[in-house]
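# Summary of the model geometry
Here is what each chain is made of, one letter per residue.
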Amino acid sequence: MKKTVLITGASRGIGRETAKLFAQNNYNVAINYYQGEEAAESLFRELINNNYSAIKVKADVRDRKEVDKMVTTIYNYFGNIDVLVNNAGVAQEKLFTDISEEDWDWIFDVNVKGIFNCCQSVLPKMISNKQGKIINISSIWGITGASCEVHYSAAKAAVIGFTKALAKEVGPSNIQVNCVCPGIIQTDMISHIDESIMEELKRETPLGVIGSPRDVGELVLFLASDKANFITGQIISPNGGLVI
Ligand code: NAP
């Protein structure tokens, strides 16, 4: 039977490319978006026009009621959620001393509480099915820490701890929970970075390139597949060797 994936933050960047890959690999795809109505609509049209199976569902992952409503809509449409990709995320560069309480809450609410909300919403059915895969998107900065991104680094480190603990708890229900920590990936999120800094990052990267959303999507697709049934609680970083 065809499996269903819910990808949060699928309107742009890594989530968008990942949604295309899952569609091409015979999944029903639930495209979650928040503010990017037009971008989500264009992805939805692209998938439907290629005879893939998709719906688009608006929800702010910070809001539990919106998340539960989104999950119910997907159950009603596709019957199940086999794979949850917690990709929605926000970043911000600021000196630590300039980070406001609002900044802190925003970064943690989207990057961490969003994952808590989505996991709690889908897990009861995954547990009763005795099957499910959850892939959380963290960042290399959650592993190493990034200067001028203390709140982002702390939030992404929380995602790593969350993944390990949840993997232990739901493993007996045959649910795999893994974490992907991308390196520098060419998306809107890093579009503010100067050309010269990008060149420097490339030079520092052993493979000598900036990553593409597809580089991340292919790993997520693998982790969602039966080929990864024995992999859980793992932190895997597609980063071109920038962090080894
Ligand atoms: P992006 O291009 O900025 O896209 C971010 C996505 O998150 C958008 O689809 C956006 O949806 C969604 N989003 C933001 N706030 C949301 C909310 N409250 N509720 C639901 N969706 C929300 O970012 P990206 O580079 O693809 O990043 C994807 C993930 O990879 C993030 O978790 C990010 O932290 C992580 N990551 C990225 C890089 C990188 O270099 N790009 C490196 C490491 C990790 P709308 O536009 O519809 O609001």
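All values reported here derive from a predicted model rather than from experimental measurement.

Moving on: the environment of Asp 63. The residue Asp 63 is located in the loop between β3 (54–58) and α3 (64–78) in this model. Residue classification places Asp 63 among the partly exposed positions, given a relative accessible area of 30%.

Let us now look at the site of the ligand. The ligand sits among 33 residues. The nearest are Gln 35, Gly 36, Asn 87, Tyr 152 and Thr 187. Within the side chain of Asp 60, a nitrogen or oxygen atom sits 2.9 Å from a nitrogen atom of the ligand. A distance of 2.6 Å separates an oxygen atom of the ligand from a polar atom in the side chain of Tyr 152. When the ligand sits alone it has 910 Å² of accessible area, and the protein chains cover 95% of it. Within the residue set of the shell around the ligand, elements represented by two or more residues are α1 (13–24), β2 (28–33) and α6 (150–170). Residue composition of the shell around the ligand, by class: 16 nonpolar, 12 polar and 5 charged.

We now examine α6. Taking 1.5 Å per residue, 21 residues should reach 30 Å; α6 reaches 30 Å between its end C-alpha atoms and fits that length. Every buried residue of α6 is listed here: His 151, Tyr 152, Ser 153, Ala 155, Lys 156, Val 159, Ile 160, Thr 163, Leu 166, Ala 167 and Val 170. Considering only its buried residues, α6 is in contact with α4 (101–129), β5 (132–137), α5 (140–144), β6 (175–180) and β7 (235–236).

Ranked by internal contacts, the top residues of the largest apolar core, which has 37 residues, are Leu 6, Ile 74, Leu 84, Leu 123 and Ile 134. Of all elements in the fold, only β3, α3, α4, α6 and β6 reach the threshold of two or more residues within this core. By residue number, the principal contributor to this core is α4, which donates 9 residues. In this view, Leu 6 contacts Ala 30, Asn 32, Met 70, Val 71, Ile 74, Ile 81, Val 83, Leu 84 and Val 85; residues no more than four positions away in its chain are not counted. The next biggest cluster of nonpolar side chains, apart from the first, holds 29 residues, and it includes Tyr 27, Ile 185, Leu 219 and Leu 221.

Parameters at a glance
Residues numbered from 1 in each chain as written. Predicted model: local features only at pLDDT ≥ 70, side-chain atom pairs only at ≥ 80, totals over all residues. Heavy atoms only, no water. Helix = DSSP H or I, 4+ residues; strand = E, 2+ residues; numbered from the N terminus. Buried < 20%, exposed > 50% of the residue type's maximum accessible area, 1.4 Å probe, protein only. Near = heavy atom within 4 Å. Polar contact = N/O pair within 3.5 Å; in protein donor to acceptor, adjacent residues only side chain to side chain. Areas by Shrake-Rupley, 256 points an atom, 1.4 Å probe, with all protein chains shown as cover. Nonpolar A, V, L, I, M, F, W, Y, C, P; charged D, E, K, R; others polar. Expected span 1.5 Å × (residues − 1). Contact = heavy atoms within 4.5 Å. Core = buried A, V, L, I, M, F, W, Y, C linked by side-chain atoms within 4.5 Å.

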